[in-house]
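If you want the building blocks of each chain, they are given just below.
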Amino acid sequence: QVQLVESGGGLVQAGGSLRLSCAASGRMFSSYAMGWFRQPPGKEREFVAAINWSGASTNYADSVKERVTISRDNVKNTGYLQMNSLKPEDTAIYYCGADRYYGGSTNVRHYNYWGQGTQVTVSS
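Residues numbered from 1 in each chain as written. Predicted model: local features only at pLDDT ≥ 70, side-chain atom pairs only at ≥ 80, totals over all residues. Heavy atoms only, no water.

Draft legend 1. How the structure looks around the packing of aromatic side chains. This structure, assessed with the given rule, holds 5 aromatic pairs. Seen in terms of ring centroids, Phe 37 and Trp 114 are 5.2 Å apart; in terms of plane orientation they differ by 75°. Their pairing is edge-to-face. Highlighted residues: Phe 37 in strand β4 (residues 33-39) and Trp 114 in strand β10 (residues 113-114), separated in sequence by 77 residues. On the accessibility criterion, Phe 37 (0% relative accessible area) is buried. Classification of Trp 114 as partly exposed rests on a relative accessible area of 27%. Looking at Arg 19, its charged tip hangs above the ring of Tyr 80, at a distance of 4.0 Å from the centre. Here the guanidinium or amino end of Arg 45 rests over the ring plane of Tyr 95, the centre of that ring lying 3.7 Å away. (Phe/Tyr/Trp six-rings, centres within 6.5 Å; stacked < 30°, edge-to-face > 60°. Helix = DSSP H or I, 4+ residues; strand = E, 2+ residues; numbered from the N terminus. Buried < 20%, exposed > 50% of the residue type's maximum accessible area, 1.4 Å probe, protein only. Lys NZ or Arg CZ within 6 Å of the ring centre and 35° of its normal.)

As structure tokens, then:
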């Protein structure tokens, strides 16, 4: 069983930065790929970034590439999403997910566990 808790969201001005964290329970976190998804107001949950179990492979949505860096610390059982040059369109609830079988998928249905989400609001 894996439990995930996001933190680090908040209100920032356009061009600012945030670092989101995803704290995972259990010693088996290192066996899971991790993904970050976001859900803007009135929209479906969308892919942001993913990282495989070792951290050697990453994947980013085109909308955030070069502004976002996903990473993980398997000793601390924590994943991270560093976001720079934030834009108002980045405003959303950000969720982290754990994926046991797909290696870091862009599909929300491939994730076995989800956190409760953390709000990111970017003012213009």
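Draft legend 2. Quick look at the pattern of salt bridges. What the rule picks out here adds up to 3 salt bridges. Ionic pairing is found between Glu 46 and Arg 38, a salt bridge with its closest N-O pair at 2.7 Å. Judged by its relative accessible area of 30%, Glu 46 falls in the partly exposed class. Linked through salt bridges whose partners overlap, the residues forming this network are Arg 38, Glu 46, Arg 67 and Asp 90. (Salt bridge = Lys/Arg side-chain N within 4 Å of Asp/Glu carboxyl O.)

Draft legend 3. Expanded view of the state of the cysteines. Under the criterion given, the structure shown has 1 disulfide. In this model, Cys 22 is linked to Cys 96 through a disulfide, with the two sulfur atoms separated by 2.0 Å. Negative torsions about the S-S bond denote left-handed disulfides, and the value of about 65° found for Cys 22 with Cys 96 makes this one right-handed. Placement of Cys 22 in strand β3 (residues 18-24) and of Cys 96 in strand β9 (residues 92-99) is noted, with a sequence separation of 74 residues between them. Overall, Cys 22 belongs to the buried group, its relative accessible area being 0%. For Cys 96, a relative accessible area of 0% translates into the label buried. (Disulfide = S-S within 2.5 Å.)

Draft legend 4. Just the environment of Lys 43, in detail. Mapped onto the secondary structure, Lys 43 falls in the loop between β4 and β5 (46-51). Judged by its relative accessible area of 54%, Lys 43 falls in the exposed class. For Lys 43 and Val 64, which are 21 residues apart along the polypeptide, the C-alpha to C-alpha distance reads 17 Å.

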